[in-house]
Amino acid sequence: MTIRFGVIGTGAIGREHIDRITNTLSGGRIVAVTDVNQDAANQVVNQFGLDAVVYPDDKALLEDKNIDAVLVASWGSAHEASVLGAIEAGKYVFCEKPLATTAEGCMRIVEAEMKHGKRLVQVGFMRRYDSGYVQLKEAIEGNVVGEPLMIHCAHRNADVHERYTTDMAITDTLIHEIDVLHWLVNDDYKWVEVIFPKKTKHALDHLQDPQMIIFETKTGLHISVEVFVNCKFGYDIQCEVVCEEGTLKLPEVPNVLVKKEAQLRVPLLMDWKLRFIDAYDKELQDFMDSIARTGQPQGPTAWDGYIAAVTADACVRAQQTGKRESISLIDKPAFYYPPSEI
Ligand SMILES: NC(=O)C1=CN([C@@H]2O[C@H](COP(=O)(O)OP(=O)(O)OC[C@H]3O[C@@H](n4cnc5c(N)ncnc54)[C@H](O)[C@@H]3O)[C@@H](O)[C@H]2O)C=CC1
Ligand SMILES: O=C1[C@@H](O)[C@H](O)[C@@H](O)[C@H](O)[C@H]1O
């Protein structure tokens, strides 16, 4: 079975995904693209030699009966309308984070999917497919060093564009930790607090950078995440789980050791594209394989997108109030449990 994809948004990650579906993965083909910037859509067709229709907008693309699955890689604010349109048209959807920019928007998607009656949506929370996080999860579940007590994380970008605002540290950046950490320890968040440490001289006036985000989970675990998006030195993702008998640390990206001029150096990555390249490949391959095998995607669900949005909302409130903000989730619908867990 070949899954015929229509891509909405042919910017940075849209192109990456088009490239991997076309040249690296198996079971998928790009048959249509659209972008509000039509030049970008046309360019991508030429760049990858695609046999694909260029549509003027997502509505026209969603009417194409030759499309089985839609890959949404537009700006976050446009995701909800495209995902709802795809569900309405009965098409599978792989949606980049965020699923929608508000918890209410994510809930509308959850409700539409449940009404449709089977899973159609997978959210691009690719860290769940990263071998480092998978190893951490296995070590936690295998009780290798006892019960987890604390988690210390850092999400550092070398720099960001000038449109990046203080709340985007949560909605664009921390959102990956929000998703992967509760999955890692199979727990739910209880409250969050955001601290603004001394500001770096490299951040523009409108941006608070770095930020420290502290969570407590329902089982009493404490989690700290540093988000620092003008760290200058590289793209750096850290995660250390402190347990009762030892610690577990996310592996560093392996890289060649360079000995030169009386120094030992390890080159660092400068952006996100390569850091999780294997995870991006795996998440999309899994999306296609699960649909071919079971008729439904099996990766991160619209419900996971909703949990992330509710948590992100509380984090943004905590940025504004400077206080602890509680995170309250409603019960997960049976629809989102794997059959083995119902
Ligand atoms: N999972 C991950 O690690 C990453 C996820 N992302 C997410 O992917 C999405 C796209 O990010 P980038 O590619 O970095 O942005 P980008 O700005 O490079 O590309 C977005 C593209 O979408 C187009 N677009 C915007 N609204 C549209 C609409 N209504 N219909 C059609 N096209 C539209 C823009 O013209 C642009 O070409 C964002 O939601 C972002 O958070 C981005 C980078 C990494
Ligand atoms: O999703 C991503 C970007 O949008 C975001 O800006 C980066 O901070 C993340 O690390 C990357 O994975």
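Model, not experiment: these values are computed from the prediction. (Residues numbered from 1 in each chain as written. Chains lettered and ligands numbered in written order. Predicted model: local features only at pLDDT ≥ 70, side-chain atom pairs only at ≥ 80, totals over all residues.)

**Considerations on the UniProt feature "domain: Gfo/Idh/MocA-like oxidoreductase C-terminal" (unreviewed entry) in the protein**
Right, on to step 1. When the UniProt feature table is mapped onto this chain numbering, "domain: Gfo/Idh/MocA-like oxidoreductase C-terminal" (unreviewed entry) sits at residues 137-323.
Right, on to step 2. Between the first and last C-alpha atoms of residues 137-323 the distance is 31 Å; the span itself is 35% helix and 25% strand. (UniProt positions renumbered as here; feature names shortened; annotations may be inferred. Helix = DSSP H or I, 4+ residues; strand = E, 2+ residues; numbered from the N terminus.)

**With respect to the confidence of the model for the protein**
Right, on to step 1. For the protein, mean pLDDT is 97; residues scoring 70 or higher make up 99% of the total.
Right, on to step 2. As a predicted assembly, this complex carries a pTM of 0.96 together with an ipTM value of 0.98. (pLDDT = per-residue confidence, 0-100.)

**Brief notes about the packing of helix α4 (residues 76-88) against helix α5 (residues 103-116)**
Right, on to step 1. Remark: α4 packs on α5, axes separated minimally by 10 Å, with the N-to-C direction vectors making an angle of 5°. In terms of their interaxial angle, α4 and α5 are classed as roughly parallel. Contacts between α4 and α5 pair Glu-80, Val-83, Leu-84 and Ile-87 from the former with Gly-105, Arg-108, Ile-109, Ala-112, Glu-113 and His-116 from the latter.
Right, on to step 2. The residue makeup of the contact of α4 with α5, split by class, is five nonpolar, two polar and three charged. (Axes fitted to C-alpha atoms, helices over the stretch in contact; angles between N-to-C directions. Parallel < 35°, antiparallel > 145°, perpendicular 65-115°, else oblique. Contact = placed C-beta atoms within 7 Å. Nonpolar A, V, L, I, M, F, W, Y, C, P; charged D, E, K, R; others polar.)

**What about the packing of helix α6 (residues 131-141) against helix α7 (residues 168-185)?**
Right, on to step 1. In the contact formed by α6 and α7, the axes pass within 9 Å of each other and the chain directions differ by 30°. Viewed along their axes, α6 and α7 adopt a mutual orientation that is roughly parallel. Counted together, Tyr-133, Leu-136, Lys-137 and Ile-140 of α6 and Val-180, Leu-184 and Val-185 of α7 form the full contact between these two elements.

**Considering the domain arrangement of the protein**
Right, on to step 1. Split into domains, the protein comes out as domain 1 (3-127 + 278-308 + 332-341) and domain 2 (136-268).
Right, on to step 2. If you average the C-alpha positions of domain 1 and of domain 2, the two centres end up 27 Å apart.
Right, on to step 3. At the junction of the two partners, domain 1 supplies eight residues and domain 2 supplies six residues.
Right, on to step 4. In terms of residue class, the side of domain 1 that touches domain 2 is built from four nonpolar, one polar and three charged. (Domains from an automatic or database assignment.)

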